[in-house]
Structures are given as C-alpha cells and as structure tokens.
Amino acid sequence: MKKYDYLVVGAGLFGATFAYEAMKRGKSVLVIDKRNHIAGNIYTKEEDGINVHVYGAHIFHTSDKKIWEYMNQFAEFNNYINSPVAIYKDELYNLPFNMNTFSKMWGIKTPAEAKAKIAEQIKELGITEPKNLEEQALSLVGTDVYEKLIKGYTQKQWGRPCTELPSFIIKRLPLRFTYDNNYFNDRFQGIPMGGYTQIVEKMLKGADIVLEQDYFKLAKEGKLNDGTEVSWDKLLFTGQIDEYYDSCFGPLEYRSVRFETEKLDCDNYQGNAVVNYTEADVPYTRIIEHKHFEFGTQPTTIISREYSSEWKPGVEPYYPVNNDKNNAVYQKYADKAASDKDVIFGGRLGQYKYYDMDKVVAAALECVVQEF
C-alpha cells in the first residue's frame, strides 16, 4: 500500500499548480489523468517543429503581475499579441470590433462617424427591453455588426438560434473607437516559447503521475491500473462535479468542441493564427494556424478547424453552460461539496465556471492558501 497526502485528479493547469505548491510544502502527491498525456486542455505537442495546440488556441493574458511572474518561472513567453480576423462571405474584418472593423464595413474614417452609424442603427430598431440574445446584441451594436460578425458565430457556438438564447449571455459587447486590433486589454500577453506542456512537466516534477487512469475505478477498487494499492488523505478533483456526486441533483450542461487538424504542404495558409468564420453556413467556428503563435518559418504548416457541439456523456466537456437553470443546479452541488471536508473541487469542471488561464492559476493558488 502506497499512501499519499493528496490525490490530484486531472493533470491540467489547476491540478498541476496545486500539486506544485503542495510538494513545495513537503506533501506527497499522486496525480492521475484519464487521458494519455499531462497538461489537460493546454496540452501542446511538437510536430514538424510546430507546437500544436491540440485542444484549441490558448493565449496567456493577464493584468495580474504576480500571476505573470509566477508563470514565467516555468517558461519564457514571447510577445505574441492576439489579433484575430473574421471572415463573413467574401469580406474580412479585424477583431475585436474597432475602427479597422468599422472603416472596412462602412467606408468611414473617424470615431465620430462610427459612433453615429451605430447609434443610427440602434435607434431605427427601437428595442427597449431585449427579450433574447439577438435583441440584446442589436441594441448594443446595431444591425450590420450583429448580422455579419455575431449572429452566425454565436449560433454555431451555442447550437441554437440567437432568438432562443437568453439576453444575459451578452451583457456587453466591447466597441473600440481606436485602430487597435489587440483582442485583449490585459497588460501581459504571450505564448510560452516551446509550448505549454513543458510548464506542466516542470510543475509536476516530483509527483507520481499515472495516465489513462479513471478516478472512479480507482476509488472503487483502491488500486491503480497496474495493481498498485494506494490511499490518500485528501482529494483534489478537477473533473465534473455533477459526475463526482453521481448526478444526484441532475446533470449539468456543457458545450464541447471537436477539432479537425491537418498538415498542409505550404508555408503559410491563412496569414494569421486565428481566423473566425462568422457565417452560420460554414460549419466550423474558426481555423487555427499553429505556427503563427510562435512566429514560425517552417516550410509546412498545421491548421485546426474547430466545431462547436452539444456535450453528451463520452464526449470531452469544455465549457459550462452558465445559464440560470444550470447555475441553480450547480449551487446544490457546491453546497454539498462545502460539507465534504475530504475533497477539494477546482477548475472549469470542478467549479462549473468559465476560467481564463490566469484565473485558473489564481484560483489554484487561492485554494493552496486556504488549504495550508
């Protein structure tokens, strides 16, 4: 029998950060993951000299200097700035919505012209109390921006028409009246040179790691797949909180993403790391060209098309669907978890919350503070 202070379920960023800090405090840690690799959704693998973001684009950005410095102890970050473009039919627009977008859309030059155009469209619509996402978006940005850059993309993301989605999903839509294509407002931004997997490798150094290991099988049998009997004092669980409690309050809803990745015999496919396809008729939401995240000059390139889909058991859950109904169900699980002193829940699935990477690290570090 091998005994550990902590069993960490999930070798993603939350689990790895917690494990690193626990080991710094002299604790023994066993990390398991049902996948055949560490690093969760930030997993990158090198192919033809290109670091492929296997589970979609991950761009680290934060305004928290302490979190930025914390991450930089594990890797050197480059100066990549996320500046996606959107394709609607045969038109190409810069994102986020800014003066480059408005200039292309309406042939105008000044912020005053752009503001007047948007205000005119909003006034013509006369929407006073938005009843759904479509009306909410129209009341914020007007007809043209909504029809070309929001409607189709959002419909694909959520798998249902915007008229059937609640208005609170879009509380605000940032409009920038400057010629600035930097998607994020955060002070610090970049991609780790050499990919993300190395970060998690360094965090987990010193831990026992077992891959392709199902937690529920381990909990039931008390032994790993290789037959080793193990026990632990405390559990950190980064999987689905509803699955942990056997869906006793009902299942939570998630969205999933499917990726089609292919290697192309050209040095530059689309000229940008991220290109969104905003028409509803185009089945994928965006195409990622991985080499551009690290300014690659390789003779070939690798792209991934992303398809948003409804989650069902057996499929990888990616995003919690944080509407009123699901949040109410989650609160029941959170209340139950609060009285369960032997388990900690973390990450997007464990805390049923959409987290950017910097917030994942911050939440894990806060968890460490509370634990130790």
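Residues numbered from 1 in each chain as written. Predicted model: local features only at pLDDT ≥ 70, side-chain atom pairs only at ≥ 80, totals over all residues. Heavy atoms only, no water.

Draft legend 1. Main features of the packing of aromatic side chains. All told, the structure shown has 34 aromatic pairs when counted by the stated rule. An angle of 75 degrees between the planes, with centres 5.3 Å apart, marks the rings of Tyr6 and Phe18 as edge-to-face. Linking Tyr6 in strand E1 (residues 2-9) with Phe18 in helix H1 (residues 13-24), this pair joins segments that are 12 residues apart in sequence. Both residues of the pair, Tyr6 and Phe18, belong to the buried class. Pairing Tyr284 with Tyr307 gives two aromatic rings, centres 5.8 Å apart and planes at 80 degrees, and the pair type is edge-to-face. Remark: Tyr307 occurs in strand E14 (residues 301-310) and Tyr284 occurs in the loop between strand E12 (274-277) and strand E13 (286-289); sequence separation between them is 23 residues. On the basis of relative accessible area, Tyr284 is assigned to the buried category, the value being 16%. For Tyr307, a relative accessible area of 13% gives the class buried. Connected via pairs of aromatic rings, a cluster forms that spans Tyr215, Phe216, Phe237, Tyr244, Tyr245, Phe249, Tyr333 and Phe345. Its guanidinium or amino end placed over the ring of Phe177, Lys115 lies 5.1 Å from that ring's centre, counting from NZ or CZ. Lying over the aromatic face of Tyr284, Arg305 brings its terminal NZ or CZ to 5.6 Å of the ring centre. (Phe/Tyr/Trp six-rings, centres within 6.5 Å; stacked < 30°, edge-to-face > 60°. Helix = DSSP H or I, 4+ residues; strand = E, 2+ residues; numbered from the N terminus. Buried < 20%, exposed > 50% of the residue type's maximum accessible area, 1.4 Å probe, protein only. Lys NZ or Arg CZ within 6 Å of the ring centre and 35° of its normal.)

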